[in-house]
Amino acid sequence: MPTMSRRSFMQASGAATALLAARFAPAATADRVRHAVIGTGGQGGSHAKAFSSMDDCSVVAICDVDTSHREQIAQALAAKGSVKQYEDFRELLKDESIHSVSIATPDHWHTPVALAALKAGKHVYVEKPCCHNMREGVLLGAAQQKTGLCVQHGTQYRSTESTRKAVELLREGVIGKVRAAKAINHQFRDAIGRAPDSDPPAGVNYDMWLGPAPLRPFSKNRFHYNWHWHWDYGTGDIGNDGIHQVDVARWGLGVGLPKAVSASGGQLFYNDDHETPDTQIVTYEYDECYLVFEMRLWTDYPIEGHDNGVVYYGDDGKLEVGRNGVTITPIKGEKRQFGAGPDLNANVRNFLDCVKANDPSKLNAPISEGAISAQLCHLGNIATRVGRKLHVDVEKVQCIGDDEANKLFTREYRKGYELTEV
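About the criteria used
- Residues numbered from 1 in each chain as written.
- Predicted model: local features only at pLDDT ≥ 70, side-chain atom pairs only at ≥ 80, totals over all residues.
- Heavy atoms only, no water.
- Helix = DSSP H or I, 4+ residues; strand = E, 2+ residues; numbered from the N terminus.
- Rg over C-alpha atoms; globule rule 2.2 N^0.38 Å.
- Buried < 20%, exposed > 50% of the residue type's maximum accessible area, 1.4 Å probe, protein only.
- Salt bridge = Lys/Arg side-chain N within 4 Å of Asp/Glu carboxyl O.
- Axes fitted to C-alpha atoms, helices over the stretch in contact; angles between N-to-C directions.
- Left-handed = near helix turned anticlockwise from the far one by under 90°.
- Contact = heavy atoms within 4.5 Å.
- Nonpolar A, V, L, I, M, F, W, Y, C, P; charged D, E, K, R; others polar.
- Core = buried A, V, L, I, M, F, W, Y, C linked by side-chain atoms within 4.5 Å.
- Phe/Tyr/Trp six-rings, centres within 6.5 Å; stacked < 30°, edge-to-face > 60°.
- Expected span 1.5 Å × (residues − 1).
- Parallel < 35°, antiparallel > 145°, perpendicular 65-115°, else oblique.
- 1 Å grid on protein atoms, 1.4 Å probe; cavity = no way out; pocket = protein on both sides within 12 Å on 5 of 7 lines; lining within 4 Å.
- Points joined across faces, edges and corners; volume = space filled by probe spheres on them.
- Pairing = 2+ DSSP bridges.

Caption draft 1: Inspection of the overall build of the chain at higher detail. Counting secondary structure elements, the chain contains 14 helices and 16 strands. For the chain, whose C-alpha radius of gyration is 21 Å, the value lies close to the compact-globule estimate of 22 Å for 422 residues. Taken over the C-alpha atoms alone, the chain extends approximately 60 × 50 × 45 Å along its principal axes. Across the 422 residues that make up the chain, the buried fraction comes to 59%.

Here it is in structure tokens:
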């Protein structure tokens with residue numbers, strides 16, 4: 001368990017941070033950002049498209065352990081200039097001309113790659129969840145503070161104008177005092193069936209794909225995308241998709257880590273190789289409000305008007321944020337709607353502006369916030385797995401009097417794939 005408290009790593013003087021930023025930051029980026037994408041699957045392909053679409057950014061390198069994924073993205077980027085390909089991200093990070101990287105690997109690689117990138121002096125855009133366990137979130141936040149580099153989290157609702165406006169209206173009291181928020185993750189995900197162990201596909205560096213995770217045989221049901229549903233690599237759908245809703249709910253409520261967490265979940269729909277729940281309900285307790293996460297992966301119809309969204313309940317009405325924008329329904333007065341869904345490009349644009357200015361203070365989705373939202377997801381999973389209510393020491397970032405739960409706050413890292421010290 002980490003001994004550094006949240007308060008201690010979040011407090012740093014402005015002068016010291018500025019000096020560290022000058023020490024660690026790459027060469028001047030006022031004109032153009034040279035960017036690399038690490039992990040080129042579905043979301044990594046979206047990163048390559050978004051970053052390369054910006055007039056002041058060039059995607060100059062990509063990295064993936066799967067040759068076919070890597071070559072597909074390289075071909076898509078070819079019209080915009082040459083792109084260097086890497087199998088090992090550690091070799092990519094040696095290129096001093098690269099200013100920033102984005103990380104779209106499986107979850108268990110997010111923090112290890114991010115820490116190595118910060119150590120190498122790169123600004124980082126890391127997909128959600130930024131960490132695979134609670135301790136990694138603390139370490140990543142501390143590394144950002146130490147280096148002073150930009151670390152943006154892939155919770156792009158934070159850069160979506162309508163969501164930003166919604167949070168502003170909540171602060172102004174548009175629905176009165178907000179006492180509860182529900183983060184909704186209702187959708188249909190196909191079963192994955194059962195698959196035997198087999199040899200890895202040709203062109204895949206499977207040992208590198210496993211990285212810090214335990215060594216075990218290859219299975220297609222633990223590989224591309226299906227890794228989300230296995231604890232060694234993923235965080236279930238609360239960390240995969242639900243984190244967007246948890247983050248927005250927490251943001252609107254204006255809260256951090258909770259004082260207590262209770263949860264239940266399991267398999268009501270799947271009967272296959274899934275390890276993570278298809279049904280899950282988590283309640284986060286704060287002094288003046290509650291946050292509830294509700295997930296069903298067999299629900300192909302909207303609940304309360306949403307498949308994925310957030311509903312805030314106030315004394316004077318409710319406010320909703322979802323893929324169709326914002327809806328305000330007051331007890332007295334007219335219902336109104338505005339805006340649209342999440343905007344990846346806006347989050348990328350904000351990140352690049354901060355990289356060029358070498359100024360992490362202007363990030364819309366800084367890791368200081370992203371780590372907390374990721375940790376809420378982990379706490380939900382831990383409460384589900386141990387089957388009891390957790391009482392959280394917010395300052396020490398640990399559970400009070402619960403050794404079994406605290407063991408799940410970290411993991412063992414396979415030899416040769418230990419975390420980088422920054």
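There's plenty left to go through after this.
Caption draft 2: Structural detail: the pattern of salt bridges. A complete count under the given rule lists 27 salt bridges for this structure. Between Asp56 and Arg349 there is a salt bridge, and its shortest N-O distance comes to 2.8 Å. With Asp56 in the loop between helix 3 (42-52) and strand 2 (57-63) and Arg349 in helix 12 (residues 344-357), this pair connects stretches of sequence that are 293 residues apart. With relative accessibility at 11%, the residue Asp56 sits in the buried group.

Caption draft 3: How the structure looks around the packing of helix 11 (residues 242-253) against helix 13 (residues 367-386). One can describe the packing of helix 11 onto helix 13 by two numbers: an axis separation of 9 Å at closest approach and a directional angle of 115°. Note that helix 11 runs across helix 13; the crossing there is right-handed. Contact residues: helix 11 offers Ile243, Val246, Asp247 and Arg250, while helix 13 offers Glu369, Ile372, Ser373, Ala374, Leu376 and Cys377. Here the residues of the contact of helix 11 with helix 13 sort into 6 nonpolar, 1 polar and 3 charged.

Caption draft 4: Here's a closer look at unusual backbone geometry. The omega angle of the peptide bond from Lys128 to Pro129 is -15°, so this bond is cis rather than trans. Within the element layout of this structure, Pro129 appears in the loop between strand 5 (123-126) and helix 7 (134-147). Look at Asn358: it is not a glycine, yet its phi comes out positive at around 50°. Assignment of secondary structure puts Asn358 in the loop between helix 12 and helix 13.

Caption draft 5: Summary view of the nonpolar core. Counting residues in hydrophobic clusters, the biggest one holds 92 residues, and the most contacted among them are Leu92, Val101, Val124, Tyr284, Tyr312, Leu319 and Leu390. With 10 residues, helix 13 is the single largest residue contributor to this core. Excluding anything up to four places from it in sequence, Leu319 contacts Ala166, Leu170, Val174, Ile175, Val310, Val311, Tyr312, Val326, Thr327 and Ile328. With 22 residues, the next largest nonpolar core counts Ala48, Ile62, Tyr125 and Val348 among its residues.

Caption draft 6: Examining the packing of aromatic side chains more closely. All chains considered together, the criterion is met by 13 aromatic pairs. Seen in terms of ring centroids, Trp109 and Tyr417 are 5.8 Å apart; in terms of plane orientation they differ by 80°. Their pairing is edge-to-face. In this pair, Trp109 sits in the loop between strand 4 (100-103) and helix 6 (110-119) while Tyr417 sits in the segment after helix 14 (403-407), placing the two residues 308 residues apart along the sequence. In this structure, Trp109 and Tyr417 share a single accessibility class: buried. Members of the aromatic cluster, each reached through a chain of ring pairs, are Tyr206, Trp209, Phe218, Phe223 and Tyr233.

Caption draft 7: Quick peek at helix 11. Helix length check: helix 11 (12 residues) gives 17 Å between terminal C-alpha atoms against 16 Å at 1.5 Å per residue, within 8%. Burial of helix 11 is extensive: 12 of the 12 residues sit out of reach of the surface. Every buried residue belonging to helix 11 is among Gly242, Ile243, His244, Gln245, Val246, Asp247, Val248, Ala249, Arg250, Trp251, Gly252 and Leu253, and all of these are buried. Within two residues after helix 11, Gly254 carries a phi angle of roughly 75°, on the positive side.

Caption draft 8: How the structure looks around the packing of helix 6 against helix 7. Two elements in contact, helix 6 and helix 7, have axes separated by 10 Å at closest approach and are oriented at 15°. Overall, the two elements helix 6 and helix 7 adopt an arrangement that is roughly parallel. When the axes of helix 6 and helix 7 are compared, the crossing they make is left-handed. Taken together, the residues of helix 7 that come into contact with helix 6 (itself represented by Thr111, Pro112, Ala114, Leu115 and Leu118) are Glu136, Leu139, Leu140, Ala143, Gln144 and Thr147. Among the residues forming the contact of helix 6 with helix 7, the class breakdown is 7 nonpolar, 3 polar and 1 charged.

Caption draft 9: Layout of the layout of surface pockets. The calculated volume of the largest pocket comes to roughly 660 Å³. As for the largest pocket, its lining consists of 33 residues, of which Gly41, Ala104, Thr105, Pro106 and Trp227 are closest to the centre. Those elements that provide at least two residues to the lining of the largest pocket are helix 3, helix 6 and helix 9 (206-210). Ranked by the residues each element gives to the lining of the largest pocket, the list is headed by helix 3, at 3 residues. For the lining of the largest pocket, the class distribution of residues is 12 nonpolar, 14 polar and 7 charged. Considering only enclosed or pocket space, the second largest pocket measures out at about 370 Å³ in volume.

Caption draft 10: Quick peek at the sheet that holds strand 7 (residues 178-186). Ordered in space as 14-13-12-11-7-10-9-8-15-16, the 10 strands form an open sheet in which the pairing is mixed. Every other strand in the sheet has two partners, leaving strand 14 (336-338) and strand 16 (398-399) as the edge strands with one partner each. In the sheet, strand 12 (residues 317-322) pairs with strand 13 (residues 325-330) via 6 bridges, with the strands oriented antiparallel. When the sheet's bridge partners are listed, Gly317 is paired in strand 13 with Pro330. Packed onto the sheet, helix 8 (residues 161-171) meets strand 7, strand 11 (308-314), strand 12, strand 13 and strand 14 and runs at close to 25° relative to strand 13.

Caption draft 11: Representation of the sheet that holds strand 2. Reading across the sheet, the 6 strands line up as 3-2-1-4-5-6 and stay open at both edges, with parallel pairing between neighbours. Two strands in the sheet have a free side with no partner beyond their single neighbour: strand 3 (84-86) and strand 6 (151-153). Going across the sheet, the axis of each strand differs from the next one's by a mean of 25°, ignoring polarity. When strand 2 meets strand 3, the two strands line up parallel, connected through 3 bridges. For Ala61, the partnering residue across the bridge sits in strand 3 and is Lys84. Against the sheet, helix 4 (residues 67-77) touches strand 2 and strand 3, its axis set at about 160° to strand 2.

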